[in-house]
Amino acid sequence: MLKRRGNPLWRFPGVAPTAAFVFAYLYLPIFILIAFSFNENRLATIWTGFTFDWYSVALNNSDMIRAARNSLIVASSATFIATLAAIMAALCMTRERFRRQQAVNAVIALPLIVPEIVTAVATLLFFVIIGIRLGLLTVIIAHTVFCIPFAYLPIRARLQGMDPRLEEAASDLYADPWRTFRRITLPLLWPGILSGAMLAFIISLDTFVITYFVAGAGATTLPVYIFGMIRIGITPEVNAVSALMLLISITFVTLSFLVGRMRR
Amino acid sequence: MQATSGAAIETQRLTKIFDGPGGEVRALDGVDLIIRENEFFTLLGPSGCGKTTLLRLVAGFEQPTSGELLLEGQPMAHRPPHRRPVNTVFQSYALFPHMSVAENVAFGLEMQRTPRQDIKARVERMLSLVKLSGMGERRPAQLSGGQQQRVALARALANQPKVLLLDEPLSALDLKLRKDMQIELKRLQNETGITFVFVTHDQEEALTMSDRIAVMNEGQVLQVGSPTEIYEHPTSRFVADFIGETNLLSARLSRRDGSRAIFDLDGGGELQGQDDGGHQEGAAVTLAVRPERAELQRDGPGLPARVEQLVYFGTDTHYRLRLGNDPTPFVVRRQNRSGAGGGFAEGEEVRLHIAPDAVRVLQD
Amino acid sequence: MGGGMGRLLRRSLLLGPALFIIGFFMLLPLFLMGYVSILERGMAGGVQWGQHTVEAYVRFLFERDLMDNLVVNIDYLRIFARSFLLALSTTIIALLIGLPTAFYMSLQPARWRNLLIFLVTIPFWTNLLVRNYAWILLLRDSGLINGGLQWLGLSSEPIRLLYTPFAVGVGLTYSFLPFMILPIYASLEKIDLRLVEAAYDLGASKWQALRRIVLPLAMPGIAAGSILVFIPSLGAYVTPELLGGSRQLMIGNLIQGQFGAARNWPFGAALAFVLLALVLLAMMLYARRYRRAPGQA
């Protein structure tokens, strides 16, 4: 692979500039947003000076703090349940062969395939019709559904990469199934679990459309609150909150990425 | 069925059928086998012959479709692996990557709830047995392939199993290391007195190390015997062909002459062999002759042949001969001894002399 | 270990929670949604149980005039067509800039490649709302792009960028571009370099090698990427809402509206059901050729 670099046979006009353009396209808006969040000027069009004020304004906004707390409650509950379900499903799907396995995979991947707006509509109708009051609980349920495939995929990948002989070796060395799981499978699976849980967590923190539909009054999460703010108008405070959201997500993805690559 | 005394492992009509995508696959087809205590027993065969499946059934990783498996007389067929007194050395070693070498070796003892003090002593003894003293704190990833191999051995032997199962354990090592480990394994077997069941597709490895060999093909055991028996007296075409090089000749039993049998070769000519009494006069048979057991002479008695090609191998030379109108060449191996002289040239007309005791009559 | 029954029990226990959660809270609601779409609309929102009608689907193409006659009304069809066109152009643009980028990435040394993949992944995991909001800062009349153009003297008046189809296209492409790059990269990276060298050796020019060897081998990735961009673009809600304003409605906004101001659940359900059908159709066409769910790409 290294050989390709610098080999004129592999140089095509326009490829490198397009790539440069794409990376600029991907990151320019993010940098602009972060830069503006430090802009002193309320109008946000001209740069007048550096300030942290908008962050303190945002962090002192009690409605926003409440929304952030809701987001954390939802994300941790949904992550916990989704990760647990994903671990169990992944163990079964990678360690056993049975008919209809493809169908099971398709069901687990369903939340990834169905457009979010459709899921949102269906979930809302379901809750209203069976008579569950919209609130934090409904948001947690909807998020758990959505988070399962995100937790499942890294865990399954880790299990598939694991040598099945290791578990056989443990049972060969007198470990019963439970001890094999606890001493061999779980420690080796841990990075996959952590990585899956973190992805589920960010997804839950970020999911807007579904939340917007199924969050009743009092269950406003951070994205729903930000949406409301954006609709009212562009303010430096929105910039600061958005920049914070970006930083949280980026931190989590980076962590998840690093943990996922851990070899142990 | 009755268990045989003195047998470490006994299989009775052991059969394993896998459901493959293309239908059922008979990995093991009614295998009857007795492995004696304290012997170095090898399962030899090409890939897909069922040898690894047999080993995995003994270890308990797979359940037999039918038949019984006895370990020291105890039926085992449906006992889970963690309750069988056997241990396995895996082809890929399967060392636990998140544990140190010492923790790996201690794992089995810990699972059997051996007292901590004893574990420590045993681990040290095992590491010194495989010449890895002082390496206990390292991680498997920090060891060379040969060292990992030794850890895998120590980990299995630490439990003093009745039977040690080895699944092509040397296949990942380079040639030099493999030769060393062959001797090492033999030494360990002698020192521990444990029954070794060794799986390999390498016939040379099997011949050098084993007390007895079972040659397998297509889920069946074709022949069981000592290395000499297997090499010198193959009973089937497959065994003769798989173990070492063999010239196979189609012939017809023409007549008997005392203890001798005279065969008419299909390609023309006559050959004398020992009479095994198993065939009617006039019956079609296959004869096997090892390349080193045939001799070439310039003239005199023997079958007329022509040297088609000679291939130089350093220690010896292989002559590929055309024999009558037989389309397959007949190979003769001659050692290149100094001063022996008398080499033959390509195109030369020669006489092929085969002693009666070098001719094997195959069963099929 | 046990027999067949034990294994069945173990399997159900392990798969149970995931299948129950997704089955009960997603699959069942989807069927329910299909049912709601053929119910009579309630007087003050909601539905009238047991009153079946295809009114919601009729409404899609017709409206009733004062005399209660059906008159063709292409407003909704126009929104569907606009959504389709926007999703299609988004997919094409993402392919045009994503393919060279993926190609560039696959030619880098291993260390760089991993970093670049990571850089492409990050925007995907950051908040969609926030990322679209960032484009408001860039595209609005007093935004950075117009500011830059005026500063350069290229325009004196602000050019209307925000609340145009252009803005929606830029936002959609920005939102889903990683979905295009990553699968294409994955299939390009797998290509055996020696195949291309063999093509050169057999007298192919650079462009011929690219067209005859690289592109066909990258086709599964291109197909997966296209479907992964097209599907979410078609059902987008956030981007048209924030960057398209009230005039650039897409299916997503239309559906949302039925549960907000319009209070017409059966119609909203019917619209969502049609969208779902379109998506499943696209998936089936894809699966028939490539036989793998994009979730596994």
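Residues numbered from 1 in each chain as written. Chains lettered and ligands numbered in written order. Predicted model: local features only at pLDDT ≥ 70, side-chain atom pairs only at ≥ 80, totals over all residues. Heavy atoms only, no water.

A word on the sheet that holds strand β13 (residues 270-274) of chain B
All names here are of chain B.
Phase 1 of the analysis: The 5 strands lie next to each other as β13-β12-β11-β14-β20, forming an open sheet whose pairing is antiparallel. Looking along the sheet, the strands with just one partner apiece sit at the ends: β13 and β20 (360-361).
Phase 2 of the analysis: In this sheet, strand β14 (residues 284-289) lies alongside strand β11 (residues 247-257) in antiparallel orientation, the contact comprising 6 bridges. Looking across to β14, one finds that S250 is bridged to T286. (Pairing = 2+ DSSP bridges. Helix = DSSP H or I, 4+ residues; strand = E, 2+ residues; numbered from the N terminus.)

A short note on the side chain of T42 of chain B
All names here are of chain B.
Phase 1 of the analysis: Along the chain, T42 turns up in strand β3 (residues 40-44).
Phase 2 of the analysis: A polar contact of 2.5 Å, which involves the side chain of T42, links it to the side chain of S210.
Phase 3 of the analysis: Residues in contact with T42, not counting those within four places in the same chain, are F198, T200, A206, S210, R212, I213 and A214. (Polar contact = N/O pair within 3.5 Å; in protein donor to acceptor, adjacent residues only side chain to side chain. Contact = heavy atoms within 4.5 Å.)

As for the interface of chain A and chain C
Interface size, as often reported, equals the accessible area lost upon joining of the parts.
Phase 1 of the analysis: At the junction of the two partners, chain A supplies 96 residues and chain C supplies 88 residues.
Phase 2 of the analysis: Taken together, both faces of the contact between chain A and chain C bury some 8,700 Å²; the carbon and sulfur share is 81%.
Phase 3 of the analysis: If you look at where chain A meets chain C, you find 1 salt bridge.
Phase 4 of the analysis: Its salt-bridge partner being E241 of chain C, residue R231 of chain A comes within 2.4 Å of it at the nearest N-O pair.
Phase 5 of the analysis: Our count for the chain A to chain C interface comes out at 7 residue pairs in polar contact (both at pLDDT 80 or more). (Buried area = accessible area lost by both parts, 1.4 Å probe. Salt bridge = Lys/Arg side-chain N within 4 Å of Asp/Glu carboxyl O.)

Regarding unusual backbone geometry
Residue and element names in this part refer to chain B.
Phase 1 of the analysis: Phi at N38 takes a positive value of approximately 65°, unusual for a residue other than glycine.
Phase 2 of the analysis: By the element assignment, N38 lies in the loop between β2 (23-36) and β3.
Phase 3 of the analysis: Classification of N38 by relative accessible area gives partly exposed; the value is 49%.
Phase 4 of the analysis: Here Y93, not a glycine, exhibits a phi torsion of approximately 70°, which is positive.
Phase 5 of the analysis: Positionally, Y93 belongs in the loop between β6 (86-89) and α2 (101-111).
Phase 6 of the analysis: Taking the relative accessible area as the measure of exposure, Y93 reaches 5% and is therefore buried. (Buried < 20%, exposed > 50% of the residue type's maximum accessible area, 1.4 Å probe, protein only.)

Quick notes on the packing of helix α1 (residues 15-36) of chain A against helix α5 (residues 128-139) of chain C
Phase 1 of the analysis: Running from amino to carboxyl end, α1 of chain A crosses α5 of chain C at an angle of 80°, the nearest separation of the two axes being 9 Å. Classified by the interaxial angle, the pair formed by α1 of chain A and α5 of chain C is roughly perpendicular. The residues of α5 of chain C that touch α1 of chain A, namely those facing Y25, P29, I32, L33 and F36 of chain A, are V130, Y133, A134, W135, L137 and L138 of chain C.
Phase 2 of the analysis: Its residues assigned to classes, the contact of α1 of chain A with α5 of chain C shows 11 nonpolar, no polar and no charged. (Axes fitted to C-alpha atoms, helices over the stretch in contact; angles between N-to-C directions. Parallel < 35°, antiparallel > 145°, perpendicular 65-115°, else oblique. Nonpolar A, V, L, I, M, F, W, Y, C, P; charged D, E, K, R; others polar.)

Focus: the domain arrangement of chain C
Residues and elements named next belong to chain C.
Phase 1 of the analysis: Its domain assignment divides chain C into domain 1 (1-73 + 264-297) and domain 2 (84-261).
Phase 2 of the analysis: Between domain 1 and domain 2, the C-alpha centre-to-centre distance is 29 Å.
Phase 3 of the analysis: Residue-level contacts link 16 residues of domain 1 with 14 residues of domain 2.
Phase 4 of the analysis: Here domain 1 and domain 2 share an interface that buries about 1,400 Å² over both sides, 84% of which is from carbon and sulfur atoms. (Domains from an automatic or database assignment.)

What about helix α8 (residues 193-201) of chain C?
Residue and element names in this part refer to chain C.
Phase 1 of the analysis: Within α8, the full set of buried residues consists of L193, V196, A199 and Y200. For α8, the arc enclosing every buried residue in end-on projection is 120°, short of the 170-degree limit, so these residues lie on one face. Those residues of α8 that are exposed and aimed more than 90 degrees away from the buried face are R194 and D201.
Phase 2 of the analysis: Of the surrounding elements, those touching the buried residues of α8 are α9 (206-234).
Phase 3 of the analysis: Once α8 finishes, G203 follows within two positions and takes phi at roughly 95°, a positive value. (Arc of directions from axis to C-beta.)

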